[in-house]
Every structure is written in C-alpha cells, then in structure tokens.
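# Overview (structure and organization)
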Amino acid sequence: SPSDADALADAGNASLTLGDANAALNFFTRANALRPNNGRIISGLATATVRTENPFEALRLFDDAVRLGISERAIAADRALAFDLLGNFGRAQQDYKLARTAATSDDLLIRQAISLSLAGQKTESDAMLVPLLQKNSASAWRARAFMLAARGEFRESTKVTQGFMDAGSAQRMERY
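What counts and what doesn't
- Chains are numbered independently. Their residues run from 1 in the order of the written sequence.
- Under the rules for a predicted model, residues below a pLDDT of 70 receive no local features and side-chain atom pairs below 80 are neither given nor counted, while totals for whole chains, interfaces and linings still include all residues.
- Hydrogen atoms and water are omitted, and side-chain values are computed over all heavy atoms in the structure.
- Per the convention used, a helix needs a DSSP run of H or I reaching at least four residues, while a strand needs a run of E reaching at least two, with both numbered from the N terminus.
- The classification of residues rests on relative accessible area computed with a 1.4 Å probe and restricted to protein chains. Under 20% of the type maximum is buried, over 50% is exposed, and intermediate values are partly exposed.
- Any two residues having at least one pair of non-hydrogen atoms within 4.5 Å are treated as being in contact.
- Using a 1.4 Å probe, the Shrake-Rupley method yields the accessible areas, and only the shown protein chains count as cover for residues.
- A positive count includes Lys and Arg, and a negative count includes Asp and Glu. His and the chain ends are not counted in either.
- Where a charge lies is defined by one atom per residue type: Lys uses NZ, Arg uses CZ, Asp uses CG and Glu uses CD.
- For helices, the fitted axis covers only the stretch in contact; all axes are lines through C-alpha atoms, and the angles between them, taken along N-to-C directions, range from 0 to 180 degrees.
- Any angle that falls under 35 degrees is termed roughly parallel, while one over 145 is termed roughly antiparallel, one within 65 to 115 roughly perpendicular, and all others oblique.
- We call a crossing left-handed when the near helix sits turned anticlockwise from the far one by less than a right angle, and right-handed when that turn is clockwise.
- Nonpolar residues are Ala, Val, Leu, Ile, Met, Phe, Trp, Tyr, Cys and Pro. Charged residues are Asp, Glu, Lys and Arg, and all others, Gly as well, are polar.
- Take the number of residues in a helix, subtract one, and multiply by 1.5 Å to get its expected span.
- For this quantity, the arc is that covered by the directions from the helix axis to the C-beta atoms.
- Only buried residues count toward a nonpolar core. Its members are Ala, Val, Leu, Ile, Met, Phe, Trp, Tyr and Cys residues joined through side-chain atoms within 4.5 Å.
- By salt bridge we mean one thing: a side-chain nitrogen of Lys or Arg within 4 Å of a carboxyl oxygen of Asp or Glu.

### Looking at the overall build of the chain
- The helix and strand inventory of the chain stands at 11 helices and 0 strands.
- What you see in the chain, going N to C, is helices and strands ordered as α-α-α-α-α-α-α-α-α-α-α.
- When the backbone C-alpha atoms are referred to their principal axes, the chain occupies close to 55 × 35 × 25 Å.
- The burial tally for the chain puts 41% of its 176 residues in the buried class.
- Here the contacts in the chain between residues at least 6 apart in sequence split such that 39% fall between residues at least 24 apart.
- Of the accessible surface of the chain, which amounts to about 9,500 Å², a share of 51% is contributed by carbon and sulfur atoms.
- Treating the 21 positive side-chain charges of the chain as one cloud and the 20 negative ones as another, the clouds have centres 3 Å apart.

Structure, rendered in structure tokens:
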C-alpha cells in the first residue's frame, strides 16, 4: 500500500535483505514522507543510504535514528560500514565490536576482518577469517583475496583467487 508507512518500511527492509539498496532507499524515503521522525524508518533509510555509498548522509541519519530511540547496537554494523567508507577504521572497529555483542554472522566477521586489514592490522584480520576459511566459505576466500591484494601481496592474492574461481574468471580478476 503506497500510503502505509509500515508496509513501505517492511518493503524497504525486504529490499535490503535482497541486496537492492536503491529500491530500499525509495521505499524508506516514501515511508519517511508519510511518517517523519520515526526511528525505525530513519534507521532503514540510513542503512539504505550507506549501502548506496553515501556515508556522510548515512551517518547523519544514524545519529537521527539514535536520537529517535533506536539502539546503537541495532545500527552498529551498518554504521561501521559508513565509517569504513570514510576511511575511519578505528571508529568502524568500535561499531563492529558493538554489533557483535548483539549477534555475529559470517558477513559481519568478514566485514570486520576487511576493515582491520585496511587499517593495517594484518595479524588480527587474518586470524578473524581463519574459522571461516576452514569452513571453506566462498565469501571468506573472496575477502582473503581482496585483503591480500589491498596489502600489495598480489601473488598470494592470485593464488587464492585461482583456488576458488574457474581459470577464466581468476585471470580476469588478476588485474583488479
């Protein structure tokens, strides 16, 4: 229903779950127009905003959501991503740690490991991925290849990539 803010917010959350941040942004924007100053809607809008790579606006919206009663723990994982996008890895790590007090997922661990790696904390980031790599998580292996490449360890990154991709795809990835 285009005039039901709750239904629009639910559609926004479903869009986020499906990985369509642009659709989520549209749904949350429409919901916010119907029901401004609603913490749940503002929080969803902030999440969609960071996932469309607009971290400055997302951080402003996360602050608004907290002022409207949303818990810091509830937004910590996505707010950490906003700080990562800005290169503020120390602040991102604070939020990743807070998010992990609420729940831990493979995706959250991978995001935190990448953040640590980009911050130059090689030992900690590598250790965080080990359990996922031992489970042969494709996402963890992709993160490992990215982390190695970002550190300038191109040979090792290529080996990892070749280990989980077909030869043609791995060769195309080498230039990245």
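Back to the write-up after that little detour.
### Concerning the packing of helix α1 (residues 5-17) against helix α2 (residues 21-34)
- Interaxial distance between α1 and α2 falls to 8 Å at its minimum, and their mutual angle equals 165°. Considering their axes alone, α1 and α2 lie roughly antiparallel with respect to each other. Between α1 and α2 lies a crossing whose hand is left-handed. Seen from α1, the contacting residues are Ala5, Leu8, Ala9, Ala11, Gly12, Asn13, Ser15 and Leu16; seen from α2, they are Ala21, Ala23, Ala24, Phe27, Phe28, Arg30, Ala31 and Leu34.
- Class assignment of the residues belonging to the contact of α1 with α2 gives a composition of 12 nonpolar, 3 polar and 1 charged.

### A closer look at α2
- Counted at 1.5 Å a residue, the expected span for α2 with its 14 residues is 20 Å, and the 20 Å between its end C-alpha atoms agrees.
- For α2, the full list of buried residues reads Ala21, Ala24, Phe28 and Ala31. The buried residues of α2 occupy an angular sector of 85° when projected down its axis, which confines them to one face. Seen from the buried face of α2, the exposed residues on the opposite side, beyond 90 degrees, are Asn22 and Ala33.
- Those residues of α2 hidden inside the fold are in contact with α1 and α3 (39-51).

### Focus: the environment of Leu129
- Its location among the elements puts Leu129 in helix α8 (residues 122-134).
- Note on Leu129: relative accessible area 1%, which makes it buried.
- If near-sequence neighbours (up to four positions away) are discounted, Leu129 is found in contact with Ile110, Ala113, Ala140, Ala143, Arg144 and Met147.

### Here's the deal with the nonpolar core
- Counting 29 residues, the largest nonpolar core has Phe28, Ile41 and Phe62 as its most contacted members.
- Elements supplying a minimum of two residues to this core: α1, α2, α3, α4 (55-67), α5 (72-85) and α6 (89-102).
- Leave out the neighbours within four places in its chain, and Phe62 touches Ser43, Ala46, Thr47, Val50, Ile75, Asp78 and Arg79.

### With respect to the pattern of salt bridges
- Under the criterion given, the structure shown has 17 salt bridges.
- Each of Asp6, Asp10, Arg35 and Arg40 takes part in a single network of salt bridges with overlapping partners.

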